[in-house]
Amino acid sequence: MNATYGPIRTGRIAMFLFVLFGLFILSNPVWAQPNEPRQQQVDRALEHLDILRDVEYVSGGHERQRLDVYLPKDRKSSDQLPAIVWIHGGAWKAGSKDWCPAIRFTRRDYAVVSINYRLTQHAIFPAQIYDCKAAIRYLRANAAKYNIDPNRIGVWGGSAGGHLVALLGTTGDDKDLEGTVGGNLEYSSRVQAVCDYFGPTEFPDYFMDNPPTDFTSSVIIELFGGSLKEKHDLAVAASPARHVDSKDAPFLILHGDKDDLVPLRQSQLLHKRLKNANVESTLHVVQGAGHGFGGAEINKMVDDFFDKHLKISSNPAQEGNRSVLPDGTIAIRDVEYVSGGHERQKLDLYLPADYEKAKPLPIIVWIHGGAWLAGNKNNCPARNFLKQGYAAASINYRLSQHAIFPAQIEDCKAAIRYIRANAQKYNLNPDQIGVWGSSAGGHLVALLGTTGDVKEFDKGPNLHVSSKVQAVCDFFGPTDFTKMSAFDSQMDHDAADSPESKLVGSPIQENKAACARANPITYISKNDPPFLICHGDKDPLVPHNQSEILTEALKKAGVPVLFHTVKGGGHGFRDEQVDQLVHEFFEKNLKSR
């Protein structure tokens, strides 16, 4: 992986970093008072903030895997602030989180975060995007701690930082670029808005317009551990323009037309591909500007962009904790589906803006994974179906540290009954309820599908309505715990501290009756709803066999089931064919009912 590097023009690097610092000064007028000592300027600019510096987003990790958090002192403990994450530039080989132009957004009721990441002298790509994704997942996992709304995270960066924020914006579900750095893998690294200042986006064509210089050549060699020709596949993977799809976050892209380090064509190409994929994208070319710019007009453009996509409407609809999200979606958060119950017995409901005008809507209920001992309702992929005429819900349930099985399925059934009992209130169709979950969530949705007529799991309120569902989408959920260790896995499922053992309250091989009770296959009958099951054949945690035996049992009972194997897929995958299958499955089994 080592390469013989060409000479580096240190003066050019110094100029590059100076430009980035100039960008920071221009973006923060309070720092630019001519007759005030710099430290006093700094102190005065930050006196309204609570600042947490050098927070490890990778526990015990590299010294660069740290971030700073800036929070308005006047925030309330109940606030959920939108967050802007600044990612610095510096040719992936220099720079730091200390210069953060986004700090000014704290005056506009945002939380602001600035991150460091490993530089090329520490590790080649994809270490840099692994770190950025780890930081986003850390923030989402600790959102309550920092008063951050996990569903409103925007990113902003310049140059190398522009490249990394663009990659975050286009690879939200890309498991190949997710990595395992920092853990918190039950949380998404997807972001909701991207502001990209002159970031590279298409490395294989980088020198199409601008011939290589010693500086640009050496920077790219250091990023990939070799030349573009030698490391073509890595260069493709690192190119945001190659990952664009219709689910990507909205983009604001700014680039100077005289930039001699990153060609303007790099931003033009990304913008074109975003537009072709029907992703909201604005490209603003700064006339006469090189590699860096600033000014009031540009500041306002950035302000308006983040306000549009991250701020809750200033006049939200009023109903408890109901709010209107930037896309017009109505979010009703923390609804108690068990009144006065456990703090985890809550759900979030998402409704289209015009839900009251439409005919009663089918609803897709998302149930999160996390080994039954972690995870939460904050990340809800079912929200993507709102524009297709659905409502969506995302539920929390008691984890294994709160109560052992069957508490988890009892909670899921209570949530379904709440939705059905309140269907008229939210203009939902009580006969069109689908469920979707992954991993531990896949196990629970499969149980919902096969226990619709099992009364022993129906506990709590709204017992006058059924907990049956009409469609089940199961992503790599466990089924027969006692058979999991018969296959290669990264964990010992039979161990006393395995997630499965913690769920049933004892080592699984010593409590096969409890495992049978938690097994969806135990309850299969011909009246069960249709299933779509998706599983990667390289899953290192839940063996592919777990979905195979569920599929076989469903088929034997005459239950409609479609089983899709993702070739090469691990414990999670990004697959356009899967997306299409999920869409077609719910259209067929909910809307056509």
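Residues numbered from 1 in each chain as written. Predicted model: local features only at pLDDT ≥ 70, side-chain atom pairs only at ≥ 80, totals over all residues. Heavy atoms only, no water.

(A) Fine view of the nonpolar core. By size, the foremost hydrophobic cluster in this structure holds 61 residues, and its most contacted members are Leu67, Val85, Ile87, Phe203 and Phe224. The dominant element in this core, judged by the number of residues it contributes, is helix H3 (residues 127-141), at seven residues. Every residue in contact with Ile87, bar those within four places of it in the chain, is listed here: Ile115, Tyr117, Cys132, Trp156, Gly157, Gly158, Gly161, Leu164, Val165 and Leu168. Residues Leu347, Leu349, Val435 and Phe481 belong to the second largest nonpolar core, which totals 60 residues. (Core = buried A, V, L, I, M, F, W, Y, C linked by side-chain atoms within 4.5 Å. Buried < 20%, exposed > 50% of the residue type's maximum accessible area, 1.4 Å probe, protein only. Helix = DSSP H or I, 4+ residues; strand = E, 2+ residues; numbered from the N terminus. Contact = heavy atoms within 4.5 Å.)

(B) Representation of the packing of helix H9 (residues 407-421) against helix H10 (residues 440-450). Where H9 contacts H10, the two axes come as close as 10 Å, and the packing angle between them is 65°. Handedness of the crossing formed by H9 with H10: right-handed. Between H9, through Gln408, Ile409, Cys412, Lys413 and Ile416, and H10, the contact on the second element is made entirely by Leu444, Leu447 and Leu448. Residue composition of the contact of H9 with H10, by class: six nonpolar, one polar and one charged. (Axes fitted to C-alpha atoms, helices over the stretch in contact; angles between N-to-C directions. Left-handed = near helix turned anticlockwise from the far one by under 90°. Nonpolar A, V, L, I, M, F, W, Y, C, P; charged D, E, K, R; others polar.)

(C) H9, seen in detail. The first and last C-alpha atoms of H9 sit 21 Å apart over 15 residues, in line with the 21 Å expected at 1.5 Å per residue. Along H9, 14 of the 15 residues are buried, which leaves the element largely enclosed by surrounding structure. (Expected span 1.5 Å × (residues − 1).)

(D) Here's a closer look at H10. Summarising burial for H10: 11 of the 11 residues are buried, a large majority. Those residues of H10 that sit buried are Ala440, Gly441, Gly442, His443, Leu444, Val445, Ala446, Leu447, Leu448, Gly449 and Thr450.

(E) Region of interest: the environment of Asp304. On the secondary structure map, Asp304 appears in helix H8 (residues 296-310). Among the polar contacts listed, one links the side chain of Asp304 to the side chain of Lys300, at a separation of 2.7 Å. (Polar contact = N/O pair within 3.5 Å; in protein donor to acceptor, adjacent residues only side chain to side chain.)

(F) Quick peek at unusual backbone geometry. For the bond running from Phe125 to Pro126, omega is 20°, close enough to zero to count as cis. Along the chain, the position of Pro126 falls in the loop between strand E4 (111-115) and H3. A cis amide bond, omega 20°, links Phe405 with the succeeding residue Pro406. As for its placement among the helices and strands, Pro406 is situated in the loop between strand E13 (391-395) and H9. Phi at Ala91 takes a positive value of approximately 60°, unusual for a residue other than glycine. Structurally, the position occupied by Ala91 is in the loop between strand E3 (81-87) and E4. Given a relative accessible area of 7%, Ala91 falls into the buried group. In this structure, Asn462 is a non-glycine residue whose phi angle is positive, near 60°. Here Asn462 shows up in the loop between H10 and strand E15 (471-475).

(G) Here's a closer look at the pattern of salt bridges. Applying the stated rule across the entire model yields 26 salt bridges. For Arg108, the salt bridge is made with Asp303, and the minimal N-O distance between the two is 3.8 Å. Here Arg108, found in the loop between E3 and E4, pairs with Asp303, found in helix H8; they are 195 residues apart in sequence, far enough to count as distant. The exposure class assigned to Arg108 is partly exposed, which follows from its relative accessible area of 27%. By relative accessible area, Asp303 is classed as buried at 11%. Among the ionic contacts, a cluster of salt bridges with common partners joins Arg53, Asp54, Asp68 and Lys97. (Salt bridge = Lys/Arg side-chain N within 4 Å of Asp/Glu carboxyl O.)

(H) Focus on empty space enclosed by the protein. On inspection of all chains with the given rule, the structure shows two cavities of 30 Å³ or more. Roughly 130 Å³ of internal volume is contained in the largest cavity. Along the wall of the largest cavity there are 13 residues; nearest its centre are Trp92, Tyr206, Phe215, Val219 and Val262. For the lining of the largest cavity, the element with the highest residue contribution is helix H5 (residues 214-224), accounting for four residues. Counted by class, the lining of the largest cavity contains 10 nonpolar, three polar and no charged residues. (1 Å grid on protein atoms, 1.4 Å probe; cavity = no way out; pocket = protein on both sides within 12 Å on 5 of 7 lines; lining within 4 Å. Points joined across faces, edges and corners; volume = space filled by probe spheres on them.)

(I) How the structure looks around the pairing of strand E12 (residues 361-367). The element E12 is largely enclosed, with a buried count of seven among its seven residues. Residues Leu361, Ile363, Val365 and Ile367 point to one face of E12 and Pro362, Ile364 and Trp366 to the other, with burial holding for every one of them. Judged from the five bridges that link them, E12 and E13 form a sheet pairing that is parallel. Looking at the pairing, Ile364 lines up with Ala392 of E13. (Pairing = 2+ DSSP bridges.)

(J) Structural context of the packing of H3 against helix H4 (residues 160-170). Relative orientation of the contacting elements H3 and H4 amounts to 65°, with a least axis distance of 10 Å. Considering only the axes of H3 and H4, their crossing is right-handed. The residues of H4 that touch H3, namely those facing Gln128, Ile129, Cys132, Lys133 and Ile136, are Leu164, Leu167 and Leu168. Per-class residue counts for the contact of H3 with H4 are six nonpolar, one polar and one charged.

(K) Layout of the packing of aromatic side chains. Going through the model one piece at a time under the given rule, you end up with 28 aromatic pairs. Counting every residue linked through ring pairs, the aromatic cluster contains Trp86, Phe105, Tyr110, Trp156, Tyr197, Phe198, Phe293, Phe305 and Phe306. (Phe/Tyr/Trp six-rings, centres within 6.5 Å; stacked < 30°, edge-to-face > 60°.)

(L) View of the environment of Asn384. Counting through the fold element by element, Asn384 comes out in the loop between E12 and E13. For the pair Asn384 and Lys247, spaced 137 residues apart in sequence, the C-alpha to C-alpha distance is 8.0 Å.

(M) Local environment of the environment of Ile298. The residue Ile298 is located in helix H8 in this model. By relative accessible area, which is 6% here, Ile298 ends up buried. As a C-alpha pair, Ile298 and His284 span 14 residues in sequence and 9.2 Å in three-dimensional space. With residues near it in sequence (within four places) discarded, Ile298 still touches Tyr197, Leu254, Val286 and Phe293.

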